[in-house]
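# Topology and contacts: notes
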Amino acid sequence: LLYGKAGYTNLRIGTDSTIAGVSLSDATNLDGYRLGLGVEQGIGANTYLKGEYRYSNYETDVTKNEVLAGVGVRF
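Throughout what follows, the structure given in this document is the object of discussion. (Residues numbered from 1 in each chain as written. Predicted model: local features only at pLDDT ≥ 70, side-chain atom pairs only at ≥ 80, totals over all residues. Heavy atoms only, no water.)

Right, let's get into the pairing of strand 2 (residues 22–42). Pairing of strand 1 (residues 2–19) with strand 2, which is carried by 18 bridges, proceeds in the antiparallel orientation. Residue Leu2 lies in a different strand from strand 2, and its bridge partner there is Val39. Counting the residues that bridge the hairpin from strand 1 to strand 2 gives two residues, and of these Ala20 lies at a positive phi of roughly 50°. For strand 2 and strand 3 (residues 47–58), the ladder comprises eleven bridges, and the chain directions are antiparallel. Along strand 3, the bridge assignment pairs Gly36 with Arg54. Adjacent in sequence and paired antiparallel, strand 2 and strand 3 are bridged by four residues. (Pairing = 2+ DSSP bridges. Helix = DSSP H or I, 4+ residues; strand = E, 2+ residues; numbered from the N terminus.)

Structural data, given as structure tokens:
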């Protein structure tokens, strides 16, 4: 099975720091889109191997690349 995906994604970026005993924290949410391609290959009656690549693009030119590998069971 070869498949593609497209959709909305959200990334929360935060920082925590302590300066002279004063703790500071800040966080922001970035909206974006995700594109992906994947493949599944059956290895038994109910089991499969999976590989997927995901590309995400967020506001302020932040990008993220992910590779996923897995084993699945259908029931």
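The next thing to look at is the environment of Arg54. Inspection of the secondary structure puts Arg54 in strand 3. Relative accessible area serves as the criterion here: at 19%, Arg54 is assigned to the buried category. Along the primary structure Arg54 and Arg74 are separated by 20 residues, whereas in three dimensions their C-alpha atoms are 23 Å apart. A polar contact is formed between the side chain of Arg54 and the side chain of Glu52, at a distance of 2.5 Å. (Buried < 20%, exposed > 50% of the residue type's maximum accessible area, 1.4 Å probe, protein only. Polar contact = N/O pair within 3.5 Å; in protein donor to acceptor, adjacent residues only side chain to side chain.)

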